[in-house]
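Single-letter residue listing:
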Amino acid sequence: MARCFFVFTLLAFSDQLFALFTENVDIWALGKLILLVAIMGEFGRSFNLIVGSSLRASGDARYVSIVGFVLMWFIALPLAWLLGLHYAYGLVGIWIATSLDECIRGIIAFKRWNSGKWRSKGVYAEEVPVHDPSLNERVDCQEANDCRNVFNQEPEKPTNDKS
């Protein structure tokens, strides 16, 4: 959300920002339009980053990587060409294509998360082989047992033998 706030701030102060670089108002208008498209893209990017990272952390990184590759090369790139060059939207068309790519990837990742298929991926604790403890682990364990024995001993009870 910080990125969205940043883009909103850039949009609010865009006239002053663009004035630092150029006096061409056509470039100012193009920059404002790109910032508006970027707002949509930031919402999609935030959603995609959160859900995609959750899937990666759960062990479903292959799915996220394959979906990202396929969508970028077979959806975003052709759409950027179509909007940017064929329909002559230029830079705005490219930003629209990348923003839609982020949103679509976020939606696909969210559907994957809700399906629960990610639960069957990754490495789980019961599948990790148990190894023989190293020398350091054995010494640490022995020291811990020695300390436990010292501290958990019951105090000797005095005997009242009067002989």
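Before reading on, note that the structure itself is shown above.
Now for a quick tour of the structure. Every value quoted in this text rests on a predicted model; they were computed, and no experiment measured them. (Residues numbered from 1 in each chain as written. Predicted model: local features only at pLDDT ≥ 70, side-chain atom pairs only at ≥ 80, totals over all residues. Heavy atoms only, no water.)

Turning our eyes to something else, we now look at the packing of helix H3 (residues 25-57) against helix H5 (residues 91-115). For the pair H3 and H5, interaxial distance at closest approach is 8 Å and the crossing angle is 20°. Considered as vectors, H3 and H5 are oriented roughly parallel to each other. When the axes of H3 and H5 are compared, the crossing they make is left-handed. The residue inventory of the contact of H3 with H5, partitioned by class, reads 19 nonpolar, seven polar and four charged. (Axes fitted to C-alpha atoms, helices over the stretch in contact; angles between N-to-C directions. Helix = DSSP H or I, 4+ residues; strand = E, 2+ residues; numbered from the N terminus. Parallel < 35°, antiparallel > 145°, perpendicular 65-115°, else oblique. Left-handed = near helix turned anticlockwise from the far one by under 90°. Nonpolar A, V, L, I, M, F, W, Y, C, P; charged D, E, K, R; others polar.)

Scanning the entire structure with this criterion turns up six salt bridges. In this structure, arginine 112 engages aspartate 60 in a salt bridge whose closest nitrogen and oxygen atoms are separated by 2.7 Å. Of this pair, arginine 112 sits in helix H5 while aspartate 60 sits in the loop between H3 and helix H4 (61-86); the two residues are 52 residues apart in sequence, bridging distant segments of the chain. The salt bridge partner of aspartate 101 is arginine 105, with a shortest N-O separation of 3.1 Å. Of this pair, aspartate 101 and arginine 105 are both found in helix H5, four residues apart, which corresponds to roughly one turn of the helix. With respect to class, aspartate 101 is no different from arginine 105; both count as buried. One network of salt bridges, in which partners are shared, links Glu42, Arg45, Asp101, Glu102 and Arg105. (Salt bridge = Lys/Arg side-chain N within 4 Å of Asp/Glu carboxyl O. Buried < 20%, exposed > 50% of the residue type's maximum accessible area, 1.4 Å probe, protein only.)

Further remarks concern the packing of aromatic side chains. Here the structure, examined in full by the defined rule, presents three aromatic pairs. Their ring planes at 55° and their centres at 5.5 Å tell us that phenylalanine 47 and phenylalanine 110 sit as a pair that is tilted. Taken together, the positions of phenylalanine 47 in helix H3 and phenylalanine 110 in helix H5 put the pair 63 residues apart, joining distant regions of the chain. Arranged with centres 6.5 Å apart and planes meeting at 45°, the rings of phenylalanine 69 and tryptophan 73 form a pair that is tilted. On the criterion of helical spacing, the pair formed by phenylalanine 69 and tryptophan 73 is a turn pair, its members being four residues apart in helix H4. Residue class for tryptophan 73 comes out exposed when judged on its relative accessible area of 51%. One Lys or Arg, arginine 112, reaches over the ring of tyrosine 63 and ends 4.0 Å from the middle of that ring. (Phe/Tyr/Trp six-rings, centres within 6.5 Å; stacked < 30°, edge-to-face > 60°. Lys NZ or Arg CZ within 6 Å of the ring centre and 35° of its normal.)

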